[in-house]
Amino acid sequence: MSEFGRLERSATQRVGLIGDPVAHSLSPALQQPAFDALGIAARYELWQTSAEALPERVESLRAPDLLGANVTVPHKQAVVRLLDDVSALARRAGAVNTIINRDGHLVGENTDISAFATALREVCPEAEQRGVLLLGAGGAARGVILALETLGVRQIAIVNRDRERARRLASEIRSMPIDVVAGDDIGLLAALEQARVLVNATSLGWHPGETPLAVDHLQRLPSDSLVIDLTYRDTDLLIAARERGLRTLDGLSMLIHQGARAFELWTGQPAPLDVMRQSVQQAAAARERSV
Ligand code: NDP
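Residues numbered from 1 in each chain as written. Predicted model: local features only at pLDDT ≥ 70, side-chain atom pairs only at ≥ 80, totals over all residues. Heavy atoms only, no water.

Undergrad: Help me out: how do you make sense of the packing of helix H5 (residues 111-123) against helix H10 (residues 251-267) in this one?
TA: Packed helices, taken two at a time, are described by the angle their axes make and the gap between the axes. Between H5 and H10, the least distance of the axes is 8 Å, while the angle of their chain directions is 125 degrees. One way to sum up the angle between H5 and H10 is to call them oblique. Crossing hand, H5 versus H10: right-handed. Facing H5, whose interface residues are Thr 111, Asp 112, Ser 114, Ala 115, Phe 116, Thr 118, Ala 119 and Glu 122, H10 presents Ser 253, Met 254, His 257, Gln 258, Arg 261, Ala 262 and Leu 265. When the residues that make up the contact of H5 with H10 are grouped by side-chain class, the tally is six nonpolar, six polar and three charged. (Axes fitted to C-alpha atoms, helices over the stretch in contact; angles between N-to-C directions. Helix = DSSP H or I, 4+ residues; strand = E, 2+ residues; numbered from the N terminus. Parallel < 35°, antiparallel > 145°, perpendicular 65-115°, else oblique. Left-handed = near helix turned anticlockwise from the far one by under 90°. Contact = heavy atoms within 4.5 Å. Nonpolar A, V, L, I, M, F, W, Y, C, P; charged D, E, K, R; others polar.)

Below, the structure written as structure tokens:
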């Protein structure tokens, strides 16, 4: 049966977010207006799910009225072994953020990877010619490296608080050498001088005053550098970068593209990007005002 056949079969389809916590997610603001704009009878739900309840939750996605799911923290890794098929890239990432129900057969994809590549290419079409300094070595950093690989970026350095974790990540990416830089001032400053894209993929940035490096260090970046923060807000790092005349990109752009790709996989239709962007920006702004 075609994907459209599946959409026609039941009055209202459902799709949702599996995670813990999910209450403050921006995903409903991203997906529901997209379904509504295209006249697709589907409802986006929030499915708070503990680790114990994860297998049952995933199993429930096989029902005919379920399009699939998004998966967020802390289940992106654990969900991989519960699916029937996982794309090659998601398998390399060791993480799935999107599940598609294809007639009872559950397929896992990682749309964070293509989303980062798309978001970067939008603002930096010549990304492959640039050196990238990546801060962090967790799940998001792994996705960023795989995205940089798809774009053909050849010069990548990583700095992480736990240097051994960065070494392990670098050694697992076999397609290219990755420099693991010491987090001390000497290593970091030299790496900044070599980079023309700085990416914050650490968890630091959600709170005022919280930055993954001393903002004075940004002076070391070449003047045409781009500073990207995966945090879904305008962080102190990005504000400081703009004050130094550098270009910036926040995590909302990546969030929008991962959601758009998930929408396309569930529905078989092109995502209404402008609708999604406008709605999620409004929701993010409202959230900023409420904190
Ligand atoms: P992980 O928990 O897997 O990794 C966290 C990273 O942050 C590690 O590198 C960790 O270093 C570092 N870190 C945490 N606390 C500190 C600290 N106090 N000082 C220095 N380094 C620290 O998280 P993820 O990789 O999944 O997520 C990272 C960020 O990316 C989050 O803010 C998340 O919201 C965001 N994200 C955004 C996406 C988007 O679409 N825009 C998609 C996915 C994630 P160490 O190894 O030393 O502990």
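Undergrad: It is not clear to me how the pairing of strand S2 (residues 42-48) should be interpreted in this structure. Could you clarify?
TA: Where strand S1 (residues 13-19) meets S2, seven bridges bridge the pair, whose relative direction is parallel. Note that in S2 the partner of Gly 16 across the bridge is Glu 45. In terms of handedness, the path from S1 via helix H2 (residues 27-37) over to S2 forms a crossover that is right-handed. (Pairing = 2+ DSSP bridges. Right-handed = clockwise from strand over helix to strand, strands pointing away.)

Undergrad: Would you mind showing me how to read unusual backbone geometry here?
TA: Phi is mostly negative for residues that are not glycine, and the peptide bonds are mostly trans. Of the consecutive residues Asp 20 and Pro 21, the connecting peptide bond is found in the cis state with omega at 10 degrees. Topologically, Pro 21 is positioned in the loop between S1 and H2. Here the bond from Val 73 into Pro 74 is cis, since omega is 5 degrees, no more than 30 degrees from zero. Here Pro 74 lies in the loop between strand S3 (66-71) and strand S4 (85-86). Of note, the phi angle at Asp 103 is positive, near 50 degrees, even though the residue is not glycine. When you line up the elements, Asp 103 lands in the loop between strand S5 (98-102) and strand S6 (105-109).

Undergrad: Explain the side chain of Asp 229 to me, please; I cannot follow it from the model alone.
TA: Relative to the helices and strands, Asp 229 is located in strand S11 (residues 226-229). Salt bridges are absent for the buried Asp 229, whose nearest opposite-charge side chain, Arg 233, sits at 7.9 Å. A distance of 2.6 Å separates the side chain of Asp 229 from the side chain of Thr 231, its partner in a polar contact. Contact partners of Asp 229, with chain neighbours within four places excluded, come to Asn 200, Thr 235, Leu 237, Leu 238, Leu 249, Asp 250 and Gly 251. (Buried < 20%, exposed > 50% of the residue type's maximum accessible area, 1.4 Å probe, protein only. Lys, Arg positive; Asp, Glu negative; His and termini not counted. Salt bridge = Lys/Arg side-chain N within 4 Å of Asp/Glu carboxyl O. Polar contact = N/O pair within 3.5 Å; in protein donor to acceptor, adjacent residues only side chain to side chain.)

Undergrad: What's the story with helix H7 (residues 163-172) in this structure? I'm lost.
TA: Two residues of an α-helix separated by three or four positions point the same way, owing to the 3.6 residues in each turn. Looking at H7, one finds that the buried residues are Ala 166, Leu 169 and Ala 170. Looking straight down H7, one finds that the buried residues subtend no more than 100 degrees of arc, so they occupy a single side. Structurally, H7 contributes buried residues whose contacts are with helix H6 (139-151), strand S8 (155-159) and strand S9 (179-180). Where H7 begins, the capping side chain belongs to Asp 162, and its oxygen is found 3.1 Å from the backbone nitrogen of Glu 164. (Arc of directions from axis to C-beta.)

Undergrad: What's the story with the packing of H2 against helix H11 (residues 273-290) in this structure? I'm lost.
TA: At a closest axis distance of 8 Å, the pairing of H2 and H11 adopts a crossing angle of 145 degrees. You can see that H2 and H11 cross each other, and the crossing is right-handed. Listed contacts from H11 to Ala 29, Leu 30, Gln 31, Pro 33, Ala 34 and Ala 37 of H2 are Val 275, Met 276, Ser 279, Val 280 and Ala 283. The residue inventory of the contact of H2 with H11, partitioned by class, reads nine nonpolar, two polar and no charged.

Undergrad: What exactly am I supposed to notice about the confidence of the model for the protein chain here?
TA: It should be kept in mind that the predicted coordinates are not to be read in detail where pLDDT is low. When the pLDDT values of the protein chain are averaged, the result is 94; 97% of them are 70 or greater. Every residue in residues 1-7 is under pLDDT 50, and counting partners more than four places away or in other chains gives 22 contacts. (pLDDT = per-residue confidence, 0-100.)

Undergrad: Looking at this model, I keep getting lost on H10. Mind explaining?
TA: Taking 1.5 Å of rise per residue, 17 residues should cover 24 Å, and H10 covers 24 Å from first to last C-alpha, within 8% of that figure. Most of H10 sits inside the fold, with 15 of its 17 residues counted as buried. Capping of H10 at its N-terminal end is provided by Asp 250; its side-chain oxygen lies 2.9 Å from the backbone amide nitrogen of Leu 252. Just beyond H10, the residue with positive phi is Gly 268, at close to 75 degrees. (Expected span 1.5 Å × (residues − 1).)

Undergrad: Teacher, can you tell me more about the packing of aromatic side chains here?
TA: Scanning all chains against the criterion turns up three aromatic pairs. Seen from their ring centres, Trp 206 and Tyr 232 are 5.7 Å apart, and the 70 degrees between their planes marks the pair as edge-to-face. Of the two residues, Trp 206 sits in the loop between strand S10 (197-200) and S11 while Tyr 232 sits in the loop between S11 and helix H9 (236-243), which places them 26 residues apart along the sequence. Overall, the relative accessible area of 37% leaves Trp 206 in the partly exposed class. (Phe/Tyr/Trp six-rings, centres within 6.5 Å; stacked < 30°, edge-to-face > 60°.)

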